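# Structural characterization, general
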Amino acid sequence: MKIISLRAENVKRLSAAYIEPSGNLVEITGKNGAGKTSVLDALWIALKGRSVAPPKPIREGAEKAVIEVNLGKYTVTRTFNLKEDGDYTTSVKVENQEGFSAKKPQDLLDSLLGPLTIDPLAFARMPSKDKFETLKAMVPGVDFAAIAAANKKDFDARSDANRQAASFSAQATAILLPEEIPEPIDEIALVEKVADAAGHNADIEQRRARRLAVQAGIDARTQQIASLEEELAELKQANETDVARLQAAPPLPDLIDVSDVRLQIDAARATNAIAFRAKQKADLLEKAAAQQKLSDELTTAMATRTTEKTKKIAAAELPVPGLTFGDDETILLNGVPFEQGSDAEQLRASIAIAAAVNKDLKIVRVRDGSLLDDDSWQILKDFAEANDVQVWAECVDSSRPGAIVIEDGSVAGIIGG
């Protein structure tokens, strides 16, 4: 469906205007303030209702505004009535060719027009992120934010896993080992052996010291015998007793040599150090492998999400060949960011997107047609003809044949008509 005719009375700057468009490119021209923007606005207000209407849709000095749009299959009539407090009420009626009215007229219009209305020139000038937000509504079933958040989480986790794997691998590489890894040796038994020997030797030394003390006593008393004859008998008795004790004492055992055991301990410690480093290296390599496995799993998860998203985008049948979504909230056209395409490529793509939004009601509006040079205007015209889309474009003081001239809120004529 297209616009067969548009009638607007007392809408914004318009006093009364009636347009029957001829051809697929409908050019509305006139000086600034003449009311040409009001024509395009009236068309969209009639179809979308209060959600797109300005705070004061009724012309200054009037109490009622009416917009009637003939779509061929349906006729839309939207009325605005001024209230005493300056606000307004509005109503809409949608009738088919047989005169039957829709019970839910706005729902019917929304189903024809879709959730979006896109001005191709405004779309082309949007920041990349806004383009992304506009187009993602055309791909049902894809939660771009959830996919981006999940991929961001997995990407960060994978980066951490890769860092951990690299760290563990580097630590393992720094541990140098001989070709043959020995089995660990029990150092505790050897240390206990040295401790037992030390206790034994200490006991021997104590006993030796006691015997030396006894011998010293003998020597001292022998001297006393020579100088103190009167005490000789007593000293002889004591001397004989001590002699008897020494003679009765068993020979002292030999000291234990622990030098060999100490060498064994040193060797055991060296062996155990190698065994510890070998286990440490094996643990690090195991951790590195685990982190690498985690990294691979995260990579697979991100790739799976991307593949599923790509499938759904492909199934959505976007209106422009080569148009798709990047991973960083960008729109790609032929593999490069949309904004890097030529002006002509961007314009063609933007027009196609705007046309695709409204599949039943095939109309597109262009608010800033004056920004188009002759080549771009021809692109717009060619697209409208080739795709049977009705394009309503606003231009300031156009001289192109067929342009509808608006002056003082009404249609003044058609250039060349």
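Bear in mind that the values here come from a model prediction, so they are computed numbers and not experimental data.

### Description of the packing of aromatic side chains
Under the criterion given, the structure shown has four aromatic pairs. On the numbers, 5.5 Å between centres and 65° between planes, the contact of Phe80 with Tyr88 is edge-to-face. With a centroid separation of 4.8 Å and 45° between ring planes, the pair formed by Phe144 and Phe325 is classed as tilted. Taken as a pair, Phe144 in helix 5 (residues 144-174) and Phe325 in strand 7 (residues 323-325) lie far apart in primary sequence, 181 residues in all. Note that Arg50 overlies the ring of Tyr88, its terminal NZ or CZ placed 4.2 Å from the centroid.

### Looking at the pairing of strand 3 (residues 25-30)
A regular strand carries its side chains on alternate faces of the sheet. Where burial is concerned, most of strand 3 is hidden: six out of the six residues are buried. Of the two faces of strand 3, the one holding Leu25, Glu27 and Thr29 and the one holding Val26, Ile28 and Gly30 are both buried throughout. Inspection of the sheet shows strand 3 paired to strand 12 (residues 404-407) by two bridges, in the parallel sense. When the sheet's bridge partners are listed, Thr29 is paired in strand 12 with Val405.

### Structural notes on helix 1 (residues 36-48)
An α-helical turn contains 3.6 residues, so any two residues separated by three or four positions project in the same direction. Look at helix 1: 19 Å from first C-alpha to last across 13 residues, which is about the 18 Å you get at 1.5 Å a residue. Counting buried positions along helix 1 gives 12 out of 13 residues, so the element sits mostly inside the fold. If you check which residues of helix 1 are buried, you get Lys36, Ser38, Val39, Leu40, Asp41, Ala42, Leu43, Trp44, Ile45, Ala46, Leu47 and Lys48. At the C-terminal side of helix 1, Gly49 shows a positive phi close to 85°.

### Here we look at the sheet that holds strand 7
Taken in spatial order, the three strands of this open sheet run 7-8-9, and their pairing is antiparallel. The sheet is open, and its two edges are formed by strand 7 and strand 9 (336-337), each paired on a single side. Here strand 7 runs beside strand 8 (residues 331-333); their pairing, made up of three bridges, is antiparallel. Within the sheet, the bridge partner assigned to Phe325 lies in strand 8 and is Ile331. Packed onto the sheet, helix 4 (residues 128-135) meets strand 7 and strand 8 and runs at close to 90° relative to strand 8.

### Observations regarding the layout of surface pockets
Estimated volume of the largest pocket: approximately 390 Å³. Lining the largest pocket are 22 residues, with Leu25, Glu27, Pro401, Gly402 and Ala403 positioned closest to its centre. At the level of elements, strand 2 (16-19), strand 3, helix 10 (374-386) and strand 13 (410-414) are the ones that each hand at least two residues to the lining of the largest pocket. Counting residues per element, the lining of the largest pocket draws most heavily on helix 10, which supplies five residues. Within the lining of the largest pocket, the residues separate by chemical class into 11 nonpolar, five polar and six charged.

### Focus: helix 8 (residues 259-315)
With 57 residues, helix 8 should cover 84 Å at 1.5 Å per step; its first-to-last C-alpha distance of 84 Å lies within 8% of that length. Positive backbone phi, approximately 55°, marks Glu317, located one or two places after helix 8.

### Digging into the side chain of Ser38
You can see Ser38 is positioned in helix 1. A relative accessible area of 3% places Ser38 in the buried class.

### Details of unusual backbone geometry
Across the chain, the bulk of peptide bonds are trans and the bulk of non-glycine residues have phi less than zero. Positive phi is not limited to glycine here, since Asn10 has a value of about 60°. Examined against the element boundaries, Asn10 turns out to sit in the loop between strand 1 (5-9) and strand 2. One non-glycine residue with positive phi stands out, namely Asp408, at about 50°. Relative to the elements of secondary structure, Asp408 occurs in the loop between strand 12 and strand 13.

### As for the nonpolar core
Among the nonpolar cores identified, the biggest contains 40 residues, and Leu135, Leu323, Phe325, Ile353, Leu380 and Val391 are the most heavily contacted of them. Of the residues forming this core, the biggest block, nine residues, is contributed by helix 9 (residues 343-357). If we ignore the near neighbours within four places in the chain, the residues touching Leu135 are Phe123, Leu323, Phe325, Ile331 and Ile353. Leu43, Val76, Tyr88 and Leu112 belong to the second largest nonpolar core, which has 37 residues in total.

### What to know about the pattern of salt bridges
Per the stated rule, a full pass over the model turns up 17 salt bridges. For Glu27, the salt bridge identified is with Arg400, shortest N-O distance 3.0 Å. Linking Glu27 in strand 3 with Arg400 in the loop between strand 11 (390-396) and strand 12, this pair joins segments that are 373 residues apart in sequence. We note a salt bridge from Lys93 to Glu95, for which the minimum N-O separation is 3.9 Å.

Cut-off values and rules
Residues numbered from 1 in each chain as written. Predicted model: local features only at pLDDT ≥ 70, side-chain atom pairs only at ≥ 80, totals over all residues. Heavy atoms only, no water. Phe/Tyr/Trp six-rings, centres within 6.5 Å; stacked < 30°, edge-to-face > 60°. Helix = DSSP H or I, 4+ residues; strand = E, 2+ residues; numbered from the N terminus. Lys NZ or Arg CZ within 6 Å of the ring centre and 35° of its normal. Buried < 20%, exposed > 50% of the residue type's maximum accessible area, 1.4 Å probe, protein only. Pairing = 2+ DSSP bridges. Expected span 1.5 Å × (residues − 1). Contact = heavy atoms within 4.5 Å. Axes fitted to C-alpha atoms, helices over the stretch in contact; angles between N-to-C directions. 1 Å grid on protein atoms, 1.4 Å probe; cavity = no way out; pocket = protein on both sides within 12 Å on 5 of 7 lines; lining within 4 Å. Points joined across faces, edges and corners; volume = space filled by probe spheres on them. Nonpolar A, V, L, I, M, F, W, Y, C, P; charged D, E, K, R; others polar. Core = buried A, V, L, I, M, F, W, Y, C linked by side-chain atoms within 4.5 Å. Salt bridge = Lys/Arg side-chain N within 4 Å of Asp/Glu carboxyl O.

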